Amino acid sequence: MSARDWFGVVVRGIGLITFIYGLYFCTSSTLVAVAPSIGTHSPPATYAVYAVLFVGLGTYLLRGAPELMKQSGNCQYLSDKAPELECGWNAK
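A short tour of the structure in this document, coming up. (Residues numbered from 1 in each chain as written. Predicted model: local features only at pLDDT ≥ 70, side-chain atom pairs only at ≥ 80, totals over all residues. Heavy atoms only, no water.)

Notes on the environment of Gly15
Reasoning step 1: By the element assignment, Gly15 lies in helix H1 (residues 3–34).
Reasoning step 2: Considered as a pair, Gly15 and Phe54 are 39 residues apart in the sequence and their alpha carbons are 9.2 Å apart.
Reasoning step 3: In this structure, Gly15 is in contact with Gly58, Leu61 and Leu62, ignoring residues within four places of it in sequence. (Helix = DSSP H or I, 4+ residues; strand = E, 2+ residues; numbered from the N terminus. Contact = heavy atoms within 4.5 Å.)

In structure tokens, the structure reads:
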């Protein structure tokens, strides 16, 4: 496996952890809304906002984070005569 493949595996692993953490916040939001006697100091809306953020970020990372992956391997030669490479966001 190349370095780019390993980077993709790591990104998706972090995405899975983030997605699971978002599901935890979703469950916590529901529990606090249904049974307020649980003893938290935060309203259910706070948990819901965190759930949406973490589930969204986790989904983005699980899909492979296209902008991040495009950045890691997008290099082209500037011209036939110049051996320099143009890498990153400016590559055509």
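Some thoughts on the environment of Met1
Reasoning step 1: Within the secondary structure layout, Met1 lies in the segment before H1.
Reasoning step 2: Among residues more than four places away in sequence, those in contact with Met1 are Trp6 and Val9.

Structural notes on the side chain of Thr18
Reasoning step 1: Counting through the fold element by element, Thr18 comes out in helix H1.
Reasoning step 2: Relative accessible area serves as the criterion here: at 11%, Thr18 is assigned to the buried category.
Reasoning step 3: Once residues within four sequence positions are removed from consideration, Thr18 is found in contact with Phe54, Leu57, Gly58 and Leu61. (Buried < 20%, exposed > 50% of the residue type's maximum accessible area, 1.4 Å probe, protein only.)

All quantities given are derived from atomic positions and should not be read as evidence of function.
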